[in-house]
Amino acid sequence: MRAEDAIAVPPTVADGRFDAFERRERAVWEAVARRLGLPRLDRICVELAPAEAEPPPPAAFARAEALLLGDGDAAILVAAPPPERRALVADFLARHPAERRRLAVASPREIRRALIERWSAALTRRAVRSVLDVDPDLSAAGRPGARPLAVMAVAAASMLAFALGFATALLAVWIFAFLLIGLFRLLVVDFAPPTEAPPVAEADLPSYAVLAPVHREAAVVEDLVAHLAALDYPADRLDVRIVVEADDVDTRRAAERAVRDTPFDLVVVPPSRPRTKPKALDFALQSVDADFVTVYDAEDRPDPDQLRRAVAVFASGPDDLAVVQAALETDHLDRSRPWLVRQFEIEYAVLFRAVLPWLAARRLFLPLGGTSNHFRRDVLVAVGGWDPHNVTEDADLAVRLRRAGWRAGVVASTTREEAPLRPSVWFAQRTRWLKGWMQTWMTHMRTPSRLHRELGLADSVLFHLIFAGQILSALTFAPSLAIASLQLIGWIAYPLGETLDGEVLALAAIFAFAAGMLSAWILALAVSARRARRFALPDVLTMPIYWCGVTLAAWAAAFDLLRAPTRWNKTPHGEAERRFR
């Protein structure tokens, strides 16, 4: 193969491909090629390596200094020699001019793209098996079989037995669970915002990779790139990757246009099952070689100094700190804040402003959000990355990290997001979230003794409270509210008869249910009191109506888990009017 054979038809200025950054990049490598007397490649054509092949280490993709095309006498080496090596290359070619026919120059970005394309099948294989190859017991791969059916049956039987009066023991457990959740909320009222860690000097800032997976997001990818370009971090230590699916043509084209004038890379993920965000993240992770990695979603607008703040938390934190979570909040204009969005705001504020900081301050297990979590890359790789078979990869990863002996924290920084405007979009998103939490609980409960041994007593209690407790409360809230309301107005009898024990237990159940709602109101108002934009009291008082919708989503999630455990209900973005552009 000759170097000229690898040159695709060059793009022209007229087709809009070259804006400021791309022109500068092209000029640099044209100058390098002229100095060395070598051809420059705009586009590298590669042959795909087999799926079973072992891809190069992340450092090879990150440096992207060379790529060998062909073999034997026909082979050519495409190189992007860094400044400190160009004189050596020129000297070598002066002494061995015949070697020029076996060499060509390309930009590191083009070499990296070609490397990823060459090894795409192998990278896909490893992404699909990322957790399976580390610990099969901790992967949600495969249909859950009888487990979700058993959980659904227990929940349904409990409610039916409660309604028909055959569930004294189950009612007692239900009372205990609701009281425990209520007590937890009251404890969290004593939350404090995370403290700011001392900043790290510019010279000591580590390398950072940003992964931004986008799927069917052509409408918002330009806005995403603009906000990632605003991140305040040294350019020589920042590696931003926009991750797109190969067959998502509209998003891919929009992303190509958006990154033209930036040093960002586009990572193209070939189609494969499962079609999930964590699979795409695992694919991209194999090509980054940074000290830290973070993830942003398509609609995210992180604080510009968020990476610096995260580094500061790691620098001042304990050695077992593996991940820090930034707060998430919505930024809709008032005319784009219907009741459903305002409920979403309350939910996010309680979780990210109260619950997570409270847990982090006590070094307890805390669940992660699906975005704006900042990882030590070596630890992330060691536990297998994200589980491509789990549709809430964030929650699952939090458990696996804690089981491996690592802890999570929070960082005093915010990422602004878009909440669903339409009930149908909210329902699909909430169904996926609850399905993923069911997957997570069932997967980690395959070997309960091992789980509890690795988590320890306190974190085991929290694991069950956060996952099983929230799932079961979601499944039972609306039926419980209906039954309790009908009992209070006398339309149905108390289920345990007119004995003293029965009346006491029935009243205890009503008290526990009321305590659960009251504690949620108290916590929401405590969070509201510390916000510049406070919650309206009617929105807080109507939270139980919102929870009834969560019940419907929980049952839909349970059935969806049986039919399509890895189906990803896509949340569309770009529908809301937002405050920060």
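Analysis parameters
- Residues numbered from 1 in each chain as written.
- Predicted model: local features only at pLDDT ≥ 70, side-chain atom pairs only at ≥ 80, totals over all residues.
- Heavy atoms only, no water.
- Phe/Tyr/Trp six-rings, centres within 6.5 Å; stacked < 30°, edge-to-face > 60°.
- Helix = DSSP H or I, 4+ residues; strand = E, 2+ residues; numbered from the N terminus.
- Buried < 20%, exposed > 50% of the residue type's maximum accessible area, 1.4 Å probe, protein only.
- Lys NZ or Arg CZ within 6 Å of the ring centre and 35° of its normal.
- Pairing = 2+ DSSP bridges.
- Salt bridge = Lys/Arg side-chain N within 4 Å of Asp/Glu carboxyl O.
- Core = buried A, V, L, I, M, F, W, Y, C linked by side-chain atoms within 4.5 Å.
- Axes fitted to C-alpha atoms, helices over the stretch in contact; angles between N-to-C directions.
- Contact = heavy atoms within 4.5 Å.
- Parallel < 35°, antiparallel > 145°, perpendicular 65-115°, else oblique.
- Left-handed = near helix turned anticlockwise from the far one by under 90°.
- Nonpolar A, V, L, I, M, F, W, Y, C, P; charged D, E, K, R; others polar.
- pLDDT = per-residue confidence, 0-100.

**Q** How should I be thinking about the packing of aromatic side chains in this particular structure?
**A** To describe a pair of aromatic rings, you give the distance between the ring centres and the angle between the ring planes. Overall, the coordinates contain 16 aromatic pairs when judged by the stated rule. On the basis of an interplanar angle of 90° and a centroid distance of 5.9 Å, the ring pair of Phe375 and Trp386 is categorised as edge-to-face. Separated by eleven residues along the polypeptide, Phe375 in strand β10 (residues 373–376) and Trp386 in the loop between α13 (377–382) and α14 (393–403) bring together distant segments of the chain. Ring centres of Phe477 and Phe513 lie 5.3 Å apart, and the angle between their planes is 25°; on these two criteria the pair is classed as stacked. Of this pair, Phe477 sits in helix α16 (residues 448–488) while Phe513 sits in helix α17 (residues 500–528), placing them 36 residues apart in sequence. For Phe477, a relative accessible area of 6% translates into the label buried. The class for Phe513 is buried, based on a relative accessible area of 5%. Among the aromatic residues, those joined into a ring-pair cluster are Phe178, Phe477, Phe513 and Trp547. Lying across the ring of Phe191, Arg530 places its NZ or CZ 4.1 Å from the centre.

**Q** Sorry, what's going on with the pairing of strand β5 (residues 238–245) here?
**A** Across the eight residues of β5, eight count as buried, placing the element largely inside the fold. Burial along β5 is two-sided: the residues Leu238, Val240, Ile242 and Val244 and Asp239, Arg241, Val243 and Glu245 are all buried. Two elements, strand β4 (residues 208–214) and β5, share seven bridges in a ladder whose sense is parallel. If you follow Val214 over to β5, its bridge partner there is Val244. With five bridges joining them, β5 and strand β6 (residues 265–269) adopt parallel strand pairing. Along β6, the bridge assignment pairs Ile242 with Leu266.

**Q** Looking at this model, I keep getting lost on the environment of Ala203. Mind explaining?
**A** If you trace the backbone, Ala203 turns up in the loop between α7 (168–188) and β4. You can call Ala203 exposed: its relative accessible area is 71%. It is 9.3 Å that separates the C-alpha atoms of Ala203 and Pro234, two residues lying 31 residues apart in sequence.

**Q** How do you make sense of the pattern of salt bridges when you look at a structure like this?
**A** Oppositely charged side chains can form a pair if their charged atoms are brought close together. In this structure the tally under the stated criterion is 53 salt bridges. A salt bridge links Arg126 to Glu54; its shortest N-O distance comes to 3.0 Å. Of the two residues, Arg126 sits in helix α5 (residues 120–128) while Glu54 sits in the loop between α1 (20–36) and α2 (58–63), which places them 72 residues apart along the sequence. For Arg126, a relative accessible area of 31% gives the class partly exposed. Of the charged contacts, one joins Asp297 and Lys277 as a salt bridge, the two residues approaching to 2.8 Å between their closest N and O atoms. Placement of the pair is Asp297 in the loop between β7 (292–295) and β8 (301–302) and Lys277 in helix α10 (residues 277–285), with a sequence separation of 20 residues. Taken together, the shared-partner salt bridges in this structure form one network comprising Asp320, Arg363, Arg402, Arg407 and Asp459.

**Q** What should I look at first to understand the nonpolar core in this one?
**A** Proteins that are soluble and globular tend to have nonpolar side chains buried together. The biggest cluster of nonpolar side chains holds 122 residues, and the ones touching the most others in it are Ile44, Val78, Ile111 and Trp386. At 14 residues, helix α12 (residues 339–361) tops the list of elements feeding residues into this core. Within the second largest apolar cluster, 36 residues are counted, among which are Val225, Ile242, Ala298 and Val311.

**Q** Sorry if this is basic, but what is going on with the sheet that holds strand β1 (residues 66–69) here?
**A** Taken together, three strands build an open sheet; the order of strands is β1-β2-β3 and the sheet is mixed. The open sheet has two edge strands with one neighbour each: β1 and β3 (103–105). Across the sheet, the axes of successive neighbouring strands diverge by a mean angle of 25°, strand direction being ignored. Along the sheet, helix α4 (residues 108–118) makes contact with β1 and β2 (76–79), crossing β1 at roughly 50°.

**Q** How should the packing of helix α15 (residues 423–444) against helix α19 (residues 543–563) be read in this particular structure?
**A** Packed helices, taken two at a time, are described by their axes: the angle between them and the distance between them. Close contact between α15 and α19 brings their axes to 8 Å; oriented N to C, the two are set at 60°. Here α15 is positioned oblique relative to α19, judged by the angle of their axes. Pair α15 / α19 crosses with right-handed handedness. Taken together, the residues of α19 that come into contact with α15 (itself represented by Trp426, Phe427, Arg430, Thr431, Leu434, Lys435, Met438, Gln439 and Met442) are Tyr546, Gly549, Val550, Leu552, Ala553, Ala554, Ala556, Ala557, Ala558, Asp560 and Leu561. In terms of residue class, the contact of α15 with α19 is built from 14 nonpolar, three polar and three charged.

**Q** Looking at this model, I keep getting lost on unusual backbone geometry. Mind explaining?
**A** With the exception of glycine, most residues fall at negative phi, and the peptide bonds are largely trans. Residues Arg273 and Pro274 are joined by a peptide bond in cis, for which omega reads -5°. The phi dihedral of Ala64 is positive, around 50°, even though this residue is not glycine. Looking at the secondary structure, you find Ala64 in the loop between α2 and β1. Residue Ala64 is classed as buried on the basis of its relative accessible area of 0%. In the Ramachandran plot, Arg363 falls in the positive-phi region, its phi being about 55° despite a non-glycine side chain. Positionally, Arg363 belongs in the loop between α12 and β10.

**Q** Is there a simple way to explain the confidence of the model for the protein chain in this structure?
**A** Residues shown with low pLDDT carry predicted positions that ought not to be read at fine detail. When pLDDT is averaged along the protein chain, the result is 89, and 89% of the positions lie at 70 or above. For the stretch residues 1–18, pLDDT sits under 50, and the model shows 30 contacts to residues farther than four places along the chain or on other chains.

**Q** Quick question: what am I supposed to make of the packing of α1 against helix α3 (residues 83–95) here?
**A** Contact pair α1 / α3: the axes reach a minimum separation of 9 Å and the direction vectors enclose 30°. Along its contact with α1, which presents Trp29, Val32, Arg35 and Leu36, the element α3 presents Arg86, Ala87, Val89, Ala90 and Leu93. Tallied by class, the residues present in the contact of α1 with α3 amount to seven nonpolar, no polar and two charged.

**Q** Quick question: what am I supposed to make of the side chain of Arg337 here?
**A** Among the secondary structure elements, Arg337 is positioned in the loop between β9 (321–330) and α12. Apart from residues no more than four positions distant in its own chain, Arg337 is found in contact with His332, Arg342, Glu345 and Arg533.

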